[in-house]
Each structure stands twice: as C-alpha cells, then as structure tokens.
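Analysis of the macromolecular model
Spelled out from the first residue to the last, the chains are:
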Amino acid sequence: MVSLLLIGIAAWGIGFGLISSLRVVGVAVAVGILLFLIALVGLIGAIKHHQVLLFFYMIILFLVFVVQFSVSCASLALNTQQQNELLEVGWNHTASARSDIEKTFNCCGFHYYDKSDPCDAACAKTPTCTTCGSVIEKHAEEVLRIVGGVGFFFSFTEILGVWLTYRYRNQKDPRANPSAFL
C-alpha cells in the first residue's frame, strides 16, 4: 500500500504542478515500484510457503530497514548549522528548482540577493524582497522532524515484518506431506 501511495503522490504532484523536477518524480516512482516488487515477493513467498522467496524477502526487508533507520537517525540528528549547510549546497547545485522556489516563496537569492542575478519572483523589483534561505530554513527543521518520525515508525514496522517472516519461514508447511523426508 505504501508503494502505491508513493507512486500516486508523485503522479498527483506532477499532475497539479507541485513538482516540476522529473528527477524527483522518477526517483519516487522507481522507489515505489521497487517497494511494490519487494512486497510482491513476500506475498508470493507467504502464499506458496516458499522458503527461498521468504528468505530473500527477509534479507531485502532487513536491508531496507537499515537504510531507512539510518536516514531517520540522520534527519533527526542534524543541528541547525548542518541543515543550513546542506540547504546551501543543495541551492548551489540546482538551477531548475531554484527558479520554482523563488516563484513559489516570493524570494530571491539564498543568503543575499544581488540585483544583477536573475530572479523570477514578483518581489525582485522591490527593495523588501526576502532571501530564500531564511524562508526555507524556517520549514527545514519541521520537515526533517516529520520525515524522521515517519521513517522511524515504518522502520520499526519493517523489522516487525522481518521477525514475522523469520517465524513464518521456519514453520512447517501445512500442505506438505507429513511422510516426506523434509
């Protein structure tokens, strides 16, 4: 369900023009498809009581847990200075999103704005135009806390899935012939 939700949100964001970067949408759709395939492997393994599929599902789910837990810890551990440095690096390495951010938040530049720099915001011609860094920094900490909390929740549900898969995998198949060797 999470994978279909991820794909749906990416499609909704591009459909309503909230996301203009095709890379972001492509990554979201790719992660959604990958999660869907992993869930499908687990579902088929559980229905067929297939030991190998359940083993691979368990290993892949554990790896997803490790990555997601690490990202959640990192997003919650960043202090304000580190957040600002990461935001500035992101601002300096993107050109297409910079224009969208300036239009959306009606701001120019990151920490300072030079009138010779191009700016697509409506406030570019006024002397009271705010910098985008101050606008983005206000929301960055809140977004990181939400992302970290949601990531923690789903990482613990994933480790629960690994444990349940381990338990189910080691159960005897009820459809198996009791007189069989295994």
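Residues numbered from 1 in each chain as written. Predicted model: local features only at pLDDT ≥ 70, side-chain atom pairs only at ≥ 80, totals over all residues. Heavy atoms only, no water.

What follows covers the nonpolar core. Generally speaking, a soluble globular protein has its nonpolar side chains buried in company with each other. Listed in full, the six residues of the largest apolar core are Cys108, Cys119, Ala121, Cys123, Ala124 and Cys129. Residue contacts for cysteine 108: discarding those within four places in its chain leaves Glu102, Tyr113, Cys119, Ala121, Cys123, Ala124, Cys129, Thr130, Thr131 and Cys132. (Core = buried A, V, L, I, M, F, W, Y, C linked by side-chain atoms within 4.5 Å. Buried < 20%, exposed > 50% of the residue type's maximum accessible area, 1.4 Å probe, protein only. Contact = heavy atoms within 4.5 Å.)

Here we come to the environment of tyrosine 113. Within the secondary structure, tyrosine 113 is located in the loop between α5 (96–105) and α6 (132–169). Residues tyrosine 113 and threonine 131 lie 18 residues apart in sequence; the distance between their C-alpha atoms is 6.8 Å. With residues up to four places along the chain from it excluded, the contact list for tyrosine 113 reads Cys108, Cys119 and Ala124. (Helix = DSSP H or I, 4+ residues; strand = E, 2+ residues; numbered from the N terminus.)

A few words on the state of the cysteines. For the coordinates displayed, the defined rule picks out three disulfides. Residue cysteine 108 pairs covalently with cysteine 119 via a disulfide, S to S 1.9 Å. Its S-S torsion of about -80° marks the bond between cysteine 108 and cysteine 119 as left-handed, since a negative value means left-handed. Of this pair, cysteine 108 sits in the loop between α5 and α6 while cysteine 119 sits in the loop between α5 and α6, placing them eleven residues apart in sequence. Pair check on accessibility: cysteine 108 and cysteine 119 agree, each one buried. Disulfide pairing places cysteine 123 opposite cysteine 129 at an S-S distance of 1.9 Å. No difference in accessibility class separates cysteine 123 from cysteine 129, as the two residues are buried. Cysteines bonded in the protein chain are numbered consecutively along the chain; their disulfide partners then correspond to 1-6, 2-3, 4-5. (Disulfide = S-S within 2.5 Å.)

Our focus in this paragraph is helix α4 (residues 80–92). Here α4 contains 13 residues, and its C-alpha end-to-end distance of 18 Å stays within 8% of the 18 Å for a straight helix at 1.5 Å per residue. Between the side-chain oxygen of the N-cap and the backbone nitrogen of glutamine 81 there are 3.2 Å, and the N-cap of α4 in question is asparagine 79. (Expected span 1.5 Å × (residues − 1). Polar contact = N/O pair within 3.5 Å; in protein donor to acceptor, adjacent residues only side chain to side chain.)

The subject of this paragraph is the pattern of salt bridges. Considering all chains together, one arrives at one salt bridge under this definition. Taking the shortest distance from any N to any O, the salt bridge between glutamate 141 and arginine 145 comes out at 3.9 Å. Of this pair, glutamate 141 and arginine 145 both sit in helix α6, four residues apart, which is roughly one turn of that helix. For arginine 145, a relative accessible area of 30% gives the class partly exposed. (Salt bridge = Lys/Arg side-chain N within 4 Å of Asp/Glu carboxyl O.)

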